[in-house]
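# Coordinates in review
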Amino acid sequence: MRRIPLLHYCSNAIRFSSCFAISRSVSAFTTRDCSSSHSNTSIPAKGKIGVASRFENVKCLDEAVSLFRRMVRKQPLPSVFSFSKLLKTMVNMKHYSSVVSLFRQMLKSGIPIDGFILSIAINNYCLMHRSDCGFSVLAIYLKKGIPFNVVTFSTLLRGLFAEMKIKDAVNLFKKLVRENICEPDAFIYSTVMNGLSKRGHTQKTFDLFRVMEQGSTKPNAYIYSIVIDALCKDRMLDAAISLFEEMKQKGIPPNVVTYNSLIDGFCKLGQWEEVRTLFFEMVNLNIYPDVCTLTIVTDGLCKEGKVEDAEEIMRHLIGKGVEPNVVTYNVIIDGYCLRGQMDRARRLFDSMIDKSIEPTIISYNILINGYCKKKKLDEAMHFFHEISRNGLKFSNVTYNTILQGLFEVGRTDIVQKFFADMLSMGLRPDLCTHRILLRGYFQNGLVEKAMSLFHDLERNREDIDIEFYTIIIDGLCKNGQFDKAHAIFEKLSLIGLFPNVITYTTIINGLCLEGLLDEAKDMLRKMEHNGCSPNNCTYNVIVQGFLKCGKISEMITFLKEMSGRDFPFDASTVELLIDVSAKDPSLLNMIPQFHSGS
C-alpha cells in the first residue's frame, strides 16, 4: 500500500510541529462519528470506569481540562478509549483550539495514541478550517504504523470542501483511487458528490455518479438522492425524474429525502400537479412526509400566494403526526405578512408559542417587517422590545427594518436614537443600512442630512456601489437639486462606476422633471450607445415626461418604440393617456397598443 506520496499532496501544508500553535477556532461543519474505529480500541478496565463515567458531567471547557489533568496523573493511565471520549466531547463543545493543546500534550507525554484519536484530531483541524494541519497528522499514522482508513480521508475531503478547495478535494479523491491508497466506499463517494453538488458542480457530480456505477461499489439510495437533489437544484427536472425512474427500476427504493428533493424542485417551478402525484406516490409506498416535506410544500405554496392552502396542509399533516418546526411556521407567517394579513400572521405566531416552539430572531424580523409595511409602528415596536426580553440577539435585519418603518411614517425624530442603539449593540451598519438611511432622509426632505452621510461614506471609502449612487441621484432630483444630481452622474465613470439601466432611468426622470425633454431623449440614445438597453420603466418615464409637457407628436415616437419592444404602459402612463385623450379623442387612433385595450 503506497502512503508516502500523500504527505506531499497538500503543496502549501505547513510543517507538522507548527500546526499545534493554532489557537483560533472557526465555524464548524458536521462530520460522521468514526464509530467503526472502536473495534481495536481497549475497553476501560475495572477501576477506570469511574473516570470515563464523568464525561457526561463535563459541561464546560474548565471541567474538561480539569478532567484531562486528573487523567494524566492517574497511574495506571486511563484507556485510550477514555482519552478519545474526552477529546470527542470537547470537539462537540466546539473548543477546537483547546483540543489541539491537549492533543499536543498527549504526544509529548507519550500517552498512547490510536487511529480513533488521530481521526478526532484531523476532524478537529478540519472544523477549524485548517485541513493543511489535518494532512500533517498523517505523519503520525506512518510513524506509529497505524493504517489509513476511509474515515480519515472522508474527513479530510470534507475539510477541503468546507474551505472551498474544490480542486484539491477532487485531486485527493483521484489520488486515493489511482494509487490504491484507500479503497473508496459509498461514504467517500457520497462525501465527494455532496461536496461538489452543494457548491454548484452538478455536471461533475453526475459524471462521478456514472463512474461509480462502473466500479465495485454501487450507488445506494443516499447517493442517488444526492445526485437527484443536485439536478433539482439546477432545475434539471427531466434528468432528475429520469434518474429517479432508473433508481426504481434497479430495485433501489427511494426514501423521504429523494422525494423531498423532487417535490422541492417541482414546487419551485410551480408544477403543483407533479407535486401532488409525488406526494401521493410516497404515501402509497408507506414513505411518510416529514417536517422537511412539510416546510418545502408550504414554502412553495406561500411563494405562489396560496397561504391558506399551506396552512391547511400543515394542519392536515399535524393530524398525521408530522410536527412542524419553527422554520415551517416562519414560512407561513411570512406568507401572511407579505399579503398584509397581520391578524392571521399574529394568530399563527401565538399558536406556535402555545405549542412550546420557541420563535427565533427570524420569526420576530418577519413580524416586525409585516407591521412596518402596514405602517403599524406600535405593533412593530412591541415585538422589537420583546426580542431582548426573550433573550434573543438583535440582527442588522431587525434594525434595518425598524429604521425603514420609521422613515415610512415620517418619524425621523427617533431614527437617530435607534441608529445609536444599533451601534451600542455592537452591530456594524451594512450597505443596506446606509441605503435605508439615505432613501429615508431624501424621502422626508432631509437633503442636508443625506448629503452629510453621503460625504462621510465617501471620505471613509466605504464599499459603495452603483445602486448607492443611484439613490443619491434620485433623491437630489426629487428634491429639486437636479444640477447636483447631474454632476454626480457625470463623475461616475471617473470613479470606476458605470450607470446601469436604473441609474439611466433615474437621470432621465430627473431631466423630465426639469422639463429638459431634448436632453432626456439624448440620454435615452446615449444609454443605448453605451450598451445599456432601456427597459419598460425607462420608456414609461420618458413618455410621461413628454405627455406632461403636451409634446404629443414626439411622444408618439416613443409609443411606437414601446410597441415594437412589447413594453406595456404602467398605470401612471395609462392615466395620463386617458387625461390627454379626453381632450383630444383622435389621439386614441394614433396609439394602437392603447386602443386595443392593453
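Residues numbered from 1 in each chain as written. Predicted model: local features only at pLDDT ≥ 70, side-chain atom pairs only at ≥ 80, totals over all residues. Heavy atoms only, no water.

## Section: the overall build of the protein
Regarding its fold elements, the protein presents 33 helices and zero strands. Across the 598 residues that make up the protein, the buried fraction comes to 49%. Across the protein, the fraction of contacts at a sequence separation of at least 24, relative to all contacts at a separation of at least 6, is 63%. (Helix = DSSP H or I, 4+ residues; strand = E, 2+ residues; numbered from the N terminus. Buried < 20%, exposed > 50% of the residue type's maximum accessible area, 1.4 Å probe, protein only. Contact = heavy atoms within 4.5 Å.)

## Some remarks on the pattern of salt bridges
Scanning the model with the defined rule gives 30 salt bridges in all. With a shortest N-O distance of 2.8 Å, Glu561 and Arg525 are connected by a salt bridge. Placement of Glu561 in helix 31 (residues 552–564) and of Arg525 in helix 29 (residues 517–529) is noted, with a sequence separation of 36 residues between them. A relative accessible area of 33% places Arg525 in the partly exposed class. Here Glu528 makes a salt bridge to Arg565, at a shortest N to O gap of 2.6 Å. With Glu528 in helix 29 and Arg565 in the loop between helix 31 and helix 32 (571–583), this pair connects stretches of sequence that are 37 residues apart. For Glu528, a relative accessible area of 30% corresponds to the partly exposed category. Among the ionic contacts, a cluster of salt bridges with common partners joins Arg210, Glu213, Glu246 and Lys250. (Salt bridge = Lys/Arg side-chain N within 4 Å of Asp/Glu carboxyl O.)

## Quick notes on helix 25 (residues 447–459)
Look at helix 25: 18 Å from first C-alpha to last across 13 residues, which is about the 18 Å you get at 1.5 Å a residue. Among the residues of helix 25, those classed as buried are Val447, Ala450, Met451, Leu453, Phe454 and Leu457. Seen from one end, helix 25 has its buried residues packed into an arc of 160 degrees, which puts them on one side. Relative to its buried face, helix 25 has exposed residues pointing more than 90 degrees away, namely Glu448 and Arg459. (Expected span 1.5 Å × (residues − 1). Arc of directions from axis to C-beta.)

## A look at the nonpolar core
Among the nonpolar cores identified, the biggest contains 185 residues, and Phe153, Met193, Ile263, Ile333, Leu367, Ile472 and Ile508 are the most heavily contacted of them. In this view, Ile508 contacts Ala520, Met523, Leu524, Met527, Thr538, Val541 and Ile542; residues no more than four positions away in its chain are not counted. (Core = buried A, V, L, I, M, F, W, Y, C linked by side-chain atoms within 4.5 Å.)

## Things to note about the packing of helix 22 (residues 396–408) against helix 24 (residues 431–443)
Packing of helix 22 against helix 24 brings their axes to within 9 Å, and their N-to-C directions diverge by 5 degrees. One finds that helix 22 runs roughly parallel with respect to helix 24. For the pair helix 22 and helix 24, contact is made by Asn396, Asn400, Leu403, Gln404, Phe407 and Glu408 and by Cys432, Thr433, Ile436, Leu437, Gly440, Tyr441 and Gln443, respectively. Counted by class, the contact of helix 22 with helix 24 contains six nonpolar, six polar and one charged residues. (Axes fitted to C-alpha atoms, helices over the stretch in contact; angles between N-to-C directions. Parallel < 35°, antiparallel > 145°, perpendicular 65-115°, else oblique. Nonpolar A, V, L, I, M, F, W, Y, C, P; charged D, E, K, R; others polar.)

## Some points on helix 12 (residues 221–233)
Given a rise of 1.5 Å per residue, 13 residues ought to cover 18 Å, and the 18 Å separating the end C-alpha atoms of helix 12 matches this to within 8%. Residues Ala221, Ile223, Tyr224, Ser225, Ile226, Val227, Ile228, Asp229, Ala230, Leu231 and Cys232 constitute the buried set of helix 12. Its buried side turned inward, helix 12 meets helix 10 (186–198), helix 11 (202–214), helix 13 (237–249) and helix 14 (256–268). For helix 12, the capping residue at the N-terminal end is Asn220, with a side-chain oxygen 3.2 Å from the backbone nitrogen of Tyr222. At the C-terminal side of helix 12, Arg235 shows a positive phi close to 60 degrees. (Polar contact = N/O pair within 3.5 Å; in protein donor to acceptor, adjacent residues only side chain to side chain.)

## Things to note about the packing of aromatic side chains
Two descriptors summarise a pair of aromatic rings, namely the distance from one centre to the other and the angle between the planes of the rings. Under the criterion given, the structure shown has 23 aromatic pairs. Seen in terms of ring centroids, Phe244 and Tyr259 are 5.3 Å apart; in terms of plane orientation they differ by 80 degrees. Their pairing is edge-to-face. Linking Phe244 in helix 13 with Tyr259 in helix 14, this pair joins segments that are 15 residues apart in sequence. For Phe244, a relative accessible area of 1% gives the class buried. With 5.7 Å between their ring centres and 70 degrees between their planes, Phe489 and Tyr504 make a pair best called edge-to-face. Here the residue Phe489 occupies a position in helix 27 (residues 482–491), and Tyr504 occupies one in helix 28 (residues 501–513), the gap between them amounting to 15 residues. Like Phe489, the residue Tyr504 is buried in the burial classification. An aromatic cluster is present here, built from Phe349, Tyr364, Tyr371 and Phe383 joined pairwise through their rings. Lying over the aromatic face of Phe418, Lys417 brings its terminal NZ or CZ to 5.0 Å of the ring centre. (Phe/Tyr/Trp six-rings, centres within 6.5 Å; stacked < 30°, edge-to-face > 60°. Lys NZ or Arg CZ within 6 Å of the ring centre and 35° of its normal.)

## A few points about the environment of Asn124
Relative to the elements of secondary structure, Asn124 occurs in helix 5 (residues 115–127). With residues near it in sequence (within four places) discarded, Asn124 still touches Val91, Tyr96, Val99 and Val100.

## Quick word on a negative patch on the surface
Negative charge collects at one region of the surface, where Asp518, Glu519, Asp522 and Glu554 lie side by side. The biggest single contributor to the negative patch is helix 29, with three residues. Within the secondary structure, Asp522 sits in helix 29. (Patch = residues over 30% accessible without salt bridge, like charges linked within 9 Å, V, L, I, M, F, W, Y side chains within 5 Å. Areas by Shrake-Rupley, 256 points an atom, 1.4 Å probe, with all protein chains shown as cover. Lys, Arg positive; Asp, Glu negative; His and termini not counted. Charge placed at Lys NZ, Arg CZ, Asp CG, Glu CD.)

## Focus on the side chain of Asn260
Examined against the element boundaries, Asn260 turns out to sit in helix 14. Overall, the relative accessible area of 6% leaves Asn260 in the buried class. Polar contacts involving the side chain of Asn260 include one to the side chain of Thr293, which spans 2.6 Å. For Asn260, the contacting residues outside a window of four places in its chain are Asp290, Cys292, Thr293 and Ile296.

## Considering unusual backbone geometry
Pro76 follows Gln75 through a cis peptide bond whose omega is -5 degrees. Phi at His129 takes a positive value of approximately 60 degrees, unusual for a residue other than glycine. By the element assignment, His129 lies in the loop between helix 5 and helix 6 (131–136). What makes His129 partly exposed here is its relative accessible area of 27%.

## A short note on the confidence of the model for the protein
Do not read the predicted coordinates in detail wherever pLDDT is low. Overall, the prediction assigns the protein a mean pLDDT of 85, with 88% of residues at 70 or greater. For the protein, per-element mean pLDDT is lowest for helix 1 (residues 49–52), which scores 45, and highest for helix 20 (residues 361–373), which scores 96. (pLDDT = per-residue confidence, 0-100.)

## Details of the side chain of Thr505
Tracing the backbone through its elements, the reader meets Thr505 in helix 28. There is a polar contact of 2.7 Å between the side chain of Thr505 and the backbone oxygen of Val501. Leave out the neighbours within four places in its chain, and Thr505 touches Asn535, Cys537, Thr538 and Val541.

## So, the environment of Thr298
Relative to the helices and strands, Thr298 is located in helix 16 (residues 291–303). The sequence separation of Thr298 and Glu308 amounts to 10 residues, and the corresponding C-alpha distance is 9.6 Å. Once residues lying within four places of it in the same chain are set aside, the contact partners of Thr298 are Ala310, Thr328, Val331 and Ile332. Within the structure, the side chain of Thr298 is placed 2.8 Å from the backbone oxygen of Leu294, a separation counted as a polar contact. Separated by 3.0 Å, the side chain of Thr298 and the backbone oxygen of Thr295 make a polar contact.

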